Every structure is written in structure tokens, then in C-alpha cells.
Amino acid sequence: MPNVPAVSTFSASGEDAITRTIELNIDSSNTQDIAPSDFLEIYEIERTVAAIVEGNFKRTALQFPDELLCHSVPIYRLLKSKAGEGHDIYVLADTSYGRSVTTQSAAVDEVAAQHVDADLIVHYGHACLSQPSRLPVVYVFGKKPIDVDDCINQLGKCLTPKLQQDTNINSNNRPTVLLRYDVGYSYHTDIITHRLESGLQSLNAKVLHDPLPTRLDPKTTVQSSKTFEQTGAESDEDSLTNVTIAYIGGESLNLTNLLMTHSHCEVYAYDPSTRSAHLQSHRTNKLLMRRFAMVQRARDADVFGILVGTLGVTSYLPLIAHVRKLLARAQKKSYTISVGKLNPAKLANFMEIECFILIACPENSVIDAKEFLKPIVTPFELEVALQAEGTWSGRYVLDFEKLLAGDSKNDLGAIAEDGGGDPDQPTFSLVTGKYRQAKRYGTQDNETSTEGTSAALTLRNQDGAISKLTDSAAALFLHSRSYQGLETKIGEDSPSILEQGRSGIARGYSDDHS
């Protein structure tokens, strides 16, 4: 009989974790071989040095995504040699804060930068361009390869029939094309915009694009917080009625969020890696339907977990307070949890929480991973879920400032409140197809308390003793479990006699004679 390795009944050897193969989805356009002489141009060494020296920044932190860490040492040496003495430079080689299994290293990691007491961050690669809250940020997007001629030809072929159709329907409005793109192609957007508009001149179409900022500073009291998504062409879009969006870049969260937040527009995307352009907005309805399914699961939840997935985006603290206020007004229980890298195992520890709300930068807010046990929604989706009638116009908002300004209420209407109706009236669940009775935690105002009501009573132990624990969702969940841990039996067992313990190290204690 062949020798079969012994397998423990209660634990595995862990060999599978060491030997298993992990597939990495790395953007090859970011990892191409770069000649030493090209580092100065691709990573804009001179501009970065000028920002460090002119701003007299003493400690600069360089943040790289995982796929660009291989370039960090040459970049560090170039910056250090040109910046001179008095300017310390550090490479942040850890995973970006708030990055999950589905997101990119797009957010600025101010927490890691503060560990080295940095006064400036230089962010390399893809960026969501959210307003920083503490430190100034210099962005170096890199230069992804793109065939400009092919890009213009492919987009022109896709846009011409659509613009002709719009012109025939309404000849009074001038057709407009809004150019959106991955930040890695920003160095070519000016010439693409000019040549694309020239190619569409026969249709009298205008092409707009918003230049990306290469530096963002923390918001001051006299500054208005404007991200790339809110400035320039974005504001013009609200006043234009004949708008088509052209996107340059591959499949990414940036494109997905663009489709959902601009569901009323047709979006054509050109992928430089495949050299092809296609209509992408046909996926919009499916994306919004999947998010609406998450909203319905959030409507059935009574206990929420607020996941703080960013500490570097401005207005994240007011948004957390806004979400807490919404949940308290709807008489839902909430817990606030600060998380770093999201993963299913970490969130599975909070079994009493029925739905999570992720507070992260706009690009990384939408989590659509099936591996998570409980749904994860955005603050805007929470507002939709808390409506009394449960309807949704299809508008989608990810920006913090728009949520806090209350712009979304124009479509949402009033959040579900106790308007004098029966608080015990059951609601119909579209998820289970049954009526459900919602649990009510706290009160909608602070004048009354649940103390003295059945909601404030909970079993303390398995002997049936009763204790008052106001609005504890965790305690109610604990007492619903068949196993509740070891019984303490305080005062029932006599104390043990103190004895001398073992001394030494694990490989050989002083009293170990074996």
C-alpha cells in the first residue's frame, strides 16, 4: 500500500497555500522595458524635482502601484541626485490604503506618508484624482503607448453615424463629444482633441476635454473642493443636450463608473492595446441592474457596517457623519469599521452586520465581487435603499461633494421617515418574495429612548438571566446562536493556587528533561 501522508483532522498543513498558483492581471503597458535615458521623460523627473525644490519640501514620499515598484529605485536615484541635500526622499513600498481585491492603486496613501513625516507625496501611475485632505500631491501619470492616428480613425468611424443621426433629429443643437481617458494617455489628449474635431468638422461637432491637474493641494476654507469629475467639460455637460462620450483606455473601474454615472449618454471606448473602438453603453443597463439588486438587499438590512476605506480623500469625515445620520433617522443600527485592504475573510468576522457601506474614493467605491458574503453598497445606493417607495430614476452619484450637497435628493425624494404611519407595518422584500418585519433600533429623535422597551432587553446567559443592553445588535445576534462561548461562572469556582511557570525558550525549557 503506498505511503499516504497523514492529514490532521482539525488543521491543514498549509502546503496548498505555498504551492498554489496565483494569476496576476497586470497592465502590460505599465511594465514595458524602459531605457535608462527614457526615465527622465516618461516619469517627468525635471518637473518633479522643480516641485520639490521650489516648494522647499524636506521629506517627500514616492507612492507606486505594485506593477511600477520595479522602477522605484532608478526614479529615487534620479530625484535624489537632482534635488540635492536637504531633501529626503522615501519610497512607499506597501500596498495602497483602501485597496481591495477588486480595486486599483488609485487612491493616495496619506497614512503611509505620515509614517515618515512627509510633507509632499508624489503619486505615480493610475490615479483617481480625489481631493487630498492633509498633504499636497504631485501626480506623474506616466506615458502609456498609443497610436494616435489609429485612435482618431477608429473613434471617427464610430462617432460619425451617431452624430449624423443626432443632427438629423435635431439640427438646432450642435453635437458635442466629451473626451474621457485613462490618465496614462493624458499626454496626447490635446492633439487627439484637435485632430478629432477637425475630422468631424463636416458635422459641425465640437470636441471637449478637461485637462488633468498634475498637482492637488488640500482644500482650504476659501477653496471649493473640485475634482476632475466636476470641472470644465463636466459642468458644461449639464447644460448640453446632444452629448456623446468618447473614452480612451482599456476595461477598468474608471470606464465602469463612467458608464454608470453617465447612463443618459452613449459611450464609445477605444482600447489602445487591442486597437479597436466599440460602443460600451449597451452594458450600462446590466451594470445598473446589478447595483439595483444590491440596493434591494440593502433595503432588507437592519444592521449596517460603515467601512472607512480611505483616510486621504477630503470630506470623508462629513460623509461618514451623513451616513450615520441617515441610518439613525431610518432607525437602523450602524457600526463604523476602519479597514485597510478589503477581503472576504476580514468582513466575514462581522456576522451580525447584514450590509456594508464603503466610504472610499469615487473610483474604488463600487465593489461587485461575488466572494463577499454580505452586500457592499455606496453611500448613494444607501440613500436609494432608505426611500419609502423604493424607486430609482437611474441616476448614479459617486462624488462625495455632490452627496453632501444634497444634489441627489432632487431625484431621490425624501428619505424614509416615520410620518405617523404604523411603524410595525411589514414591508415586501423583492429579494425573498415575502413580507418582512423590520427591526427598529433607537428612535428618530433624541427625545425618547428605547430603554424600558422590549428592544432594550436581552438574555445575558443560557440560564435565562435578563439584562438591559440598549440597541445591541451584536448581543441579539450572539443570543441567536446555539454556541455562545464558554461560561464564565464568576464566583462559583474557587480561585486556583499560583504556581511557578516554565522558563526558557520554546525549543528547550529549563524544566524540559525529554
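Residues numbered from 1 in each chain as written. Predicted model: local features only at pLDDT ≥ 70, side-chain atom pairs only at ≥ 80, totals over all residues. Heavy atoms only, no water.

> Mind showing me how you'd approach the packing of helix H6 (residues 148–169) against helix H7 (residues 189–199) here?
What describes two packed helices is the angle between their axes and the distance between those same axes. At a minimum axis distance of 10 Å, the contact between H6 and H7 shows a crossing angle of 45 degrees. Taken together, H6 and H7 sit at an angle that is classed as oblique. Every pair of crossing elements has a handedness; the one defined by H6 and H7 is right-handed. Listed contacts from H7 to Val-148, Asp-149, Cys-151, Ile-152, Leu-155, Gly-156 and Leu-159 of H6 are Ile-191, Ile-192, Arg-195 and Leu-196. Among the residues making up the contact of H6 with H7, the classes are represented as 8 nonpolar, 1 polar and 2 charged. (Axes fitted to C-alpha atoms, helices over the stretch in contact; angles between N-to-C directions. Helix = DSSP H or I, 4+ residues; strand = E, 2+ residues; numbered from the N terminus. Parallel < 35°, antiparallel > 145°, perpendicular 65-115°, else oblique. Left-handed = near helix turned anticlockwise from the far one by under 90°. Contact = heavy atoms within 4.5 Å. Nonpolar A, V, L, I, M, F, W, Y, C, P; charged D, E, K, R; others polar.)

> Would you mind showing me how to read the nonpolar core here?
Soluble globular proteins: nonpolar side chains tend toward being buried together. The biggest cluster of nonpolar side chains holds 48 residues, and the ones touching the most others in it are Phe-304, Leu-327, Ile-357, Ile-359 and Tyr-396. Residue contributions to this core peak at 6 residues, all from helix H11 (residues 316–329). Once you skip the residues sitting within four places of it in the chain, Tyr-396 turns out to touch Met-260, Thr-261, Leu-288, Arg-291, Val-366, Thr-378, Phe-380 and Glu-381. Core analysis: the next-biggest nonpolar cluster, separate from the first, contains 39 residues, Cys-151, Val-183, Ala-246 and Tyr-268 among them. (Core = buried A, V, L, I, M, F, W, Y, C linked by side-chain atoms within 4.5 Å. Buried < 20%, exposed > 50% of the residue type's maximum accessible area, 1.4 Å probe, protein only.)

> Would you mind showing me how to read the pairing of strand S2 (residues 88–92) here?
Residues in a regular strand point their side chains to alternate faces of the sheet. Bridge count for strand S1 (residues 59–63) against S2 is 5 bridges, and the pairing is parallel. Looking across to S2, one finds that Arg-59 is bridged to Asp-88. Once the chain exits S1 it traverses helix H4 (residues 72–83) before rejoining the sheet at S2, and the crossover so formed is right-handed. (Pairing = 2+ DSSP bridges. Right-handed = clockwise from strand over helix to strand, strands pointing away.)

> Is there a simple way to think about the sheet that holds strand S10 (residues 276–279) in this case?
Sheets are built from strands that pair by backbone hydrogen bonding, the pairs being arranged parallel or antiparallel. Strand order in the open sheet formed by 5 strands is S6-S5-S8-S9-S10, with mixed pairing between adjacent strands. Edge positions in the sheet fall to strand S6 (206–209) and S10, since each has one partner strand and no second. Between one strand axis and the next, the sheet turns through 25 degrees on average, direction left out of account. Those strands touched by H7 are strand S5 (176–181), S6 and strand S8 (243–248), and its axis lies near 165 degrees from that of S6.

> Which parts of the structure should I look at to understand a nonpolar patch on the surface?
Among the surface-exposed residues, Phe-428, Leu-430 and Tyr-435 lie close enough to one another that they form a single nonpolar patch of about 390 Å² accessible area. Its location among the elements puts Leu-430 in the loop between strand S15 (427–428) and strand S16 (435–436). Judged by its relative accessible area of 58%, Leu-430 falls in the exposed class. (Patch = residues over 30% accessible without salt bridge, like charges linked within 9 Å, V, L, I, M, F, W, Y side chains within 5 Å. Areas by Shrake-Rupley, 256 points an atom, 1.4 Å probe, with all protein chains shown as cover. Salt bridge = Lys/Arg side-chain N within 4 Å of Asp/Glu carboxyl O.)

> Honestly, the pattern of salt bridges in this entry has me stumped. Any pointers?
Note that side chains of opposite charge can pair when their charged atoms are close. Under the defined criterion, the tally for this structure stands at 15 salt bridges. Lys-82 is the salt-bridge partner of Glu-46, the closest N and O atoms lying 3.3 Å from each other. Here Glu-46, found in helix H3 (residues 45–54), pairs with Lys-82, found in helix H4; they are 36 residues apart in sequence, far enough to count as distant. Judged by its relative accessible area of 48%, Glu-46 falls in the partly exposed class. On the accessibility criterion, Lys-82 (37% relative accessible area) is partly exposed. A salt bridge links Asp-182 to Lys-144; the nearest nitrogen and oxygen atoms lie 3.3 Å apart. Here Asp-182 is found in the loop between S5 and H7, whereas its partner Lys-144 is found in the loop between strand S4 (137–140) and H6, with 38 residues between them in sequence. Judged by its relative accessible area of 7%, Asp-182 is buried. Overall, the relative accessible area of 8% leaves Lys-144 in the buried class. Linked by salt bridges that have partners in common, Arg-59, Lys-80 and Asp-88 make up one network.

> What's the story with the sheet that holds strand S3 (residues 120–124) in this structure? I'm lost.
Overall, mixed pairing links the 5 strands, which are arranged S2-S1-S3-S4-S7 in an open sheet. Taken across any chain shown, the strands that pair with only one partner, and hence form the sheet edges, are S2 and strand S7 (215–216).

> So what exactly am I meant to see when it comes to unusual backbone geometry here?
The phi angle of most residues is negative, glycine excepted, and most peptide bonds adopt the trans form. Of note, Asn-204 is a non-glycine position whose phi angle comes to about 55 degrees, a positive value. By the element assignment, Asn-204 lies in the loop between H7 and S6. Even without being a glycine, Arg-275 presents a positive backbone phi close to 55 degrees. Among the secondary structure elements, Arg-275 is positioned in the loop between strand S9 (266–271) and S10.

> How should helix H10 (residues 284–299) be read in this particular structure?
Between its first and last C-alpha, H10 extends 22 Å over 16 residues, near the 22 Å set by a 1.5 Å rise per residue. Considered for burial, the residues of H10 that qualify are Thr-284, Leu-287, Leu-288, Arg-291, Met-294, Val-295, Gln-296 and Ala-298. Check the buried side of H10 and you find it contacts helix H9 (253–261), strand S11 (303–308), strand S13 (355–359), strand S14 (376–377) and helix H13 (379–385). (Expected span 1.5 Å × (residues − 1).)

> Hey, could you run me through the environment of Pro-272 in this one?
Positionally, Pro-272 belongs in the loop between S9 and S10. Along the sequence, Pro-272 and Lys-144 sit 128 residues apart, while their C-alpha atoms lie 9.0 Å from each other.

> What am I meant to see in the environment of Val-207 here?
Relative to the helices and strands, Val-207 is located in strand S6. Overall, Val-207 belongs to the buried group, its relative accessible area being 6%. Separated by 10 residues in the primary sequence, Val-207 and Glu-197 have C-alpha atoms spaced 5.5 Å apart. The contact partners of Val-207, leaving out residues within four places of it in the chain, are Val-177, Thr-193, Leu-196, Glu-197 and Leu-200.

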